[in-house]
Amino acid sequence: MKIVFMGTPDFAVPCLEALIADGNEIAAVFTQPDKPKGRGNKLAAPPVKECALRHDIKVYQPVTLKDNEALEILKELAPEMIVVVAYGRILPKQVLELPEYGCINVHASLLPEYRGAAPIQRAILDGRKKTGVTAMLMDEGLDTGDMLMKAELEIGENENSAQLHDRLSALGAELIVKTVHAAAQGSLVGEKQDGSRSCYAAMLTKDMSPVDFTLSAREIHDKIRGLNPWPCASAVLNGKRIKLHSSRLAQGSGKPGQVLSLDPFVAACGEGAIELIEVQAEGKKKMPASAFINGLHVSSASELSFETKTE
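Residues numbered from 1 in each chain as written. Predicted model: local features only at pLDDT ≥ 70, side-chain atom pairs only at ≥ 80, totals over all residues. Heavy atoms only, no water.

Peer 1: Go over the sheet that holds strand S10 (residues 147-154), please, and point to the residues and values.
Peer 2: With respect to topology, seven strands assemble into an open sheet ordered S5-S2-S1-S6-S7-S9-S10, the strand pairing being mixed. Looking at the sheet topology across the chains shown, the edges are occupied by strand S5 (59-60) and S10. Of the strand pairs in this sheet, strand S1 (residues 2-7) and strand S6 (residues 81-85) are connected by five bridges, and their pairing is parallel. Across the sheet, Gly7 pairs through a bridge with Val85, a residue of S6. Contacting S1, S6, strand S7 (103-107), strand S9 (130-137) and S10, helix H6 (residues 161-185) runs over the sheet at an angle of about 150° to S10. (Pairing = 2+ DSSP bridges. Helix = DSSP H or I, 4+ residues; strand = E, 2+ residues; numbered from the N terminus. Contact = heavy atoms within 4.5 Å. Axes fitted to C-alpha atoms, helices over the stretch in contact; angles between N-to-C directions.)

Peer 1: Quick rundown of the packing of helix H1 (residues 13-21) against helix H2 (residues 47-54)? Include the residues and the values.
Peer 2: Remark: H1 packs on H2, axes separated minimally by 9 Å, with the N-to-C direction vectors making an angle of 20°. As far as their axial angle goes, H2 and H1 are roughly parallel. Here H1 and H2 pass one another in a crossing that is right-handed. Packed against H1, whose contacting residues are Val13, Leu16 and Glu17, the element H2 presents Pro47, Val48, Cys51, Ala52 and Arg54 at the interface. In terms of residue class, the contact of H1 with H2 is made up of six nonpolar, no polar and two charged. (Parallel < 35°, antiparallel > 145°, perpendicular 65-115°, else oblique. Left-handed = near helix turned anticlockwise from the far one by under 90°. Nonpolar A, V, L, I, M, F, W, Y, C, P; charged D, E, K, R; others polar.)

Peer 1: Residue-level account of the pattern of salt bridges, with values.
Peer 2: Following the criterion strictly, the structure yields 12 salt bridges and no others. For Lys75, the salt bridge is made with Glu72, and the minimal N-O distance between the two is 3.8 Å. Residue Lys75 and its partner Glu72 are located together in helix H3 (residues 68-77), separated by three residues, close to a single helical turn. Note on Glu72: relative accessible area 45%, which makes it partly exposed. Residue Asp222 is joined to Arg225 by a salt bridge in which the shortest nitrogen-to-oxygen separation is 2.7 Å. Of this pair, Asp222 and Arg225 both sit in helix H7 (residues 217-226), separated by three residues, roughly a single helical turn. Judged by its relative accessible area of 4%, Asp222 is buried. Note on Arg225: relative accessible area 6%, which makes it buried. (Salt bridge = Lys/Arg side-chain N within 4 Å of Asp/Glu carboxyl O. Buried < 20%, exposed > 50% of the residue type's maximum accessible area, 1.4 Å probe, protein only.)

Listed below in structure tokens is the structure:
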């Protein structure tokens, strides 16, 4: 299959690698422009660009696809299919209608659930037990096109967004290869999405970080997992804000925010209790909770408590 691949971040790289390994002709890669990164604000290439260059594939980085220049390039490339994975650009109708087999998107959810920008994180934040990836025939809506193929997996009890991201990325790579094969064989059958079952996975924001210990331990645990690695959950302990990187459900009860034990580092919630595994004080690096507690030089759990929204 002659394919133009459109993608930008790490999530898209395994899909591109899988299509190459499967023997498809990757006519070109479209990705977002290089962006300043790090303290020196040096321009850094998107991961998909780096992957394409390693395979000597032509790379285009248009600011928009809505002008004639991008369209003319695509017409000249004449792909049979355009594969889109976390590209970050809207495809206009002229592009959607260009390839024989259409534009196929790999989306990190079981559509029609979690359309939008942050499906991986939102599934964890909502306490879902399973998720997956969907290969979809793109239309002019936001993740609204006909579903072509799906693959699902269980979300681990303590799995965070970064870990789930990597597993879904690998699953998406397997799915896109199967989808391309099915398209070539003429066996793909689209399924309309049920809009009444859809929900929107909005982008995460920093103001989501604060943890309210009057919530249940399960809700807090899901929040810590869902916001890892960014923007990261946070809480105020004895007047000082700390980041909460990882946790697990624990036994115990008490006033919400009350620290129940130092080793392990367990705090009471509105319902149940949570053990904090990795934390980070302001100006410090992420560390095991035991090391953090040792640095506080406290003798008993009663000396510590987390603030709650009711205080």
